[in-house]
Every structure is written in structure tokens, then in C-alpha cells.
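# Close look at the chain arrangement
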Amino acid sequence: FVPDPEAEQAVRERLGKFRTFLDGSRKVEFPARGVVGSSGAIVCDLTFQRLKNVSIQTALLLDPVPNPLPDLAIFGQGMFRNWDIFLTGERIEFPEAPGFSKEYGVAGVGVDAGTARNVLAPAVQAVLEAHPGWCVQTSGTALLVYRPWTVAPAKGIAPWLEEARVVAAAVARH
């Protein structure tokens, strides 16, 4: 990844694809461009504020991903576990995967359970279970991965980025 101040605008534009980042202010810092698999990628620190709630986290954005993705939000345990509506969407249950369901909540807008299960196939669920606590948001050609309220320190960015790549690549190649 190479620092690229111009990537800030690209991140801001692409955040509009993700429902959780539609309404509120966004601040993008320290953007750097790279590649994950066949996808262009940007890593940055992202601050988002809606009303009085502020979150800051290091995020990895892939765009474009190889296969189009539905509007999904995949939240790690403790992250908005009852946030069923995903801004006017619905919770998607995975009763056949109790381990995955214990670690992650899934919500979508205009996404049927079959489509969500296609994206989150057992192999993808296994990767997510092995890497708990991530949030993954998908929409069209874009995928965003982050740990809420967690900023990777400069000296710790390499292991953070490697884990983010693993999670993002699993969901992107569905």
C-alpha cells in the first residue's frame, strides 16, 4: 500500500454505497492505495458521526470486487446485535450455522435469505468465525471491512491489514 492523498475523495464517494454511512459526516485520514486479489483497495482511518454518535476505525475498502454483491451488513458479536433493520432492511438468520450466528449478525436491504446464504456460504462463514469481531458491508462492486472503534496503530498495521485482507477476500470471492 502506498500513501495517496487523492484516495480520500474515492473513499468518500464510495461510502455513499453503504447504508450505514449515508447520513452523517465522514472524515478520511491517511489513505493508501493497494491491491487485494484482483480488486483495487484503499486502507484509511475513517471517522463517522451521526447525531451524537462518533466512531473512528481503520477500514479497508475494496472496489471493484470480482462479483457483484447485495446490500449486506455483517456485524461481529456485540456490534449492533439488535440492529435488525440495517436502516430499513431486515435481519437474515442462519439457523443452520449456530457458530456463525453466535459470532455474527447479518442484515440486508432488499436481500432474500437465499442470496445472503449464497454470499455467506459455509466456507465464508468459517473464515468469519475464525476472525471474530469484524464488520463487513457490501454493496454492488464495493466491500468495506473494519473493526468498529478500532484504529490500527502504524506499527501494527501489517497484521491488521493481513487479517482484513483474509476477511475481505473471503466475502468478495463468494
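My aim in this report is to walk through the structure given alongside it, one point at a time. (Residues numbered from 1 in each chain as written. Predicted model: local features only at pLDDT ≥ 70, side-chain atom pairs only at ≥ 80, totals over all residues. Heavy atoms only, no water.)

### A few points about the side chain of threonine 58
Operational definition: Comment: elements are numbered from the N terminus, with helices defined as DSSP H or I runs of at least four residues and strands as E runs of at least two. Whenever a nitrogen or oxygen atom comes within 3.5 Å of another N or O atom, the pair is scored as a polar contact, on the condition that within protein one atom can donate a hydrogen and the other can accept it, and that pairs from neighbouring residues in sequence are kept only if both atoms are in side chains.
Structurally, the position occupied by threonine 58 is in strand β4 (residues 53-62). For threonine 58, the side chain forms a polar contact with the side chain of aspartate 45, separated by 2.7 Å.

### A short note on helix α5 (residues 157-172)
Just so we agree on the cut-off: One less than the number of residues in a helix, times 1.5 Å, gives the span that helix is expected to have. Whether a residue is buried, partly exposed or exposed follows from its accessible area with a 1.4 Å probe, protein chains only, as a fraction of its type maximum: under 20%, in between, or over 50%, in that order.
When the terminal C-alpha atoms of α5 are compared, their 21 Å separation across 16 residues agrees well with the 22 Å that a helix rising 1.5 Å per residue should span. Listed as buried for α5 are Trp160, Leu161, Ala164, Val167, Ala168, Ala170, Val171 and Ala172.

### Description of the packing of aromatic side chains
The geometry of an aromatic ring pair is captured by the separation of the ring centres together with the interplanar angle, meaning the angle of the planes. Convention followed: Stacked, tilted and edge-to-face are the three classes applied to pairs of Phe, Tyr and Trp rings, where Trp contributes its six-membered ring and a pair requires centres within 6.5 Å; stacked means planes under 30 degrees apart, edge-to-face means over 60, and tilted covers the rest.
Enumeration over the complete set of coordinates arrives at three aromatic pairs. Ring centres 5.2 Å apart and planes at 80° place the aromatic pair phenylalanine 94 and phenylalanine 100 in the edge-to-face group. You can call phenylalanine 94 buried: its relative accessible area is 2%. Consider the rings of tryptophan 134 and tryptophan 160, whose centres lie 5.5 Å apart with planes at 55°: the pair is tilted.

### Description of the nonpolar core
As a rule of thumb, nonpolar side chains are buried together in soluble globular proteins. The cut-off we apply is this: To form a nonpolar core, buried Ala, Val, Leu, Ile, Met, Phe, Trp, Tyr and Cys residues must be joined to one another through side-chain atoms within 4.5 Å. Here, two residues are considered to be in contact whenever any of their heavy atoms come within 4.5 Å of each other.
Leu60, Leu62, Leu120, Leu128, Leu143 and Val145 are the most contacted members of the largest nonpolar core, which totals 36 residues. Apart from residues no more than four positions distant in its own chain, leucine 62 is found in contact with Val36, Ser39, Gly40, Ala41, Thr141, Ala142, Leu143, Ala168 and Ala172. Among the nonpolar cores identified, the runner-up in size contains 19 residues, and Leu15, Leu46, Ala73 and Phe75 belong to it.

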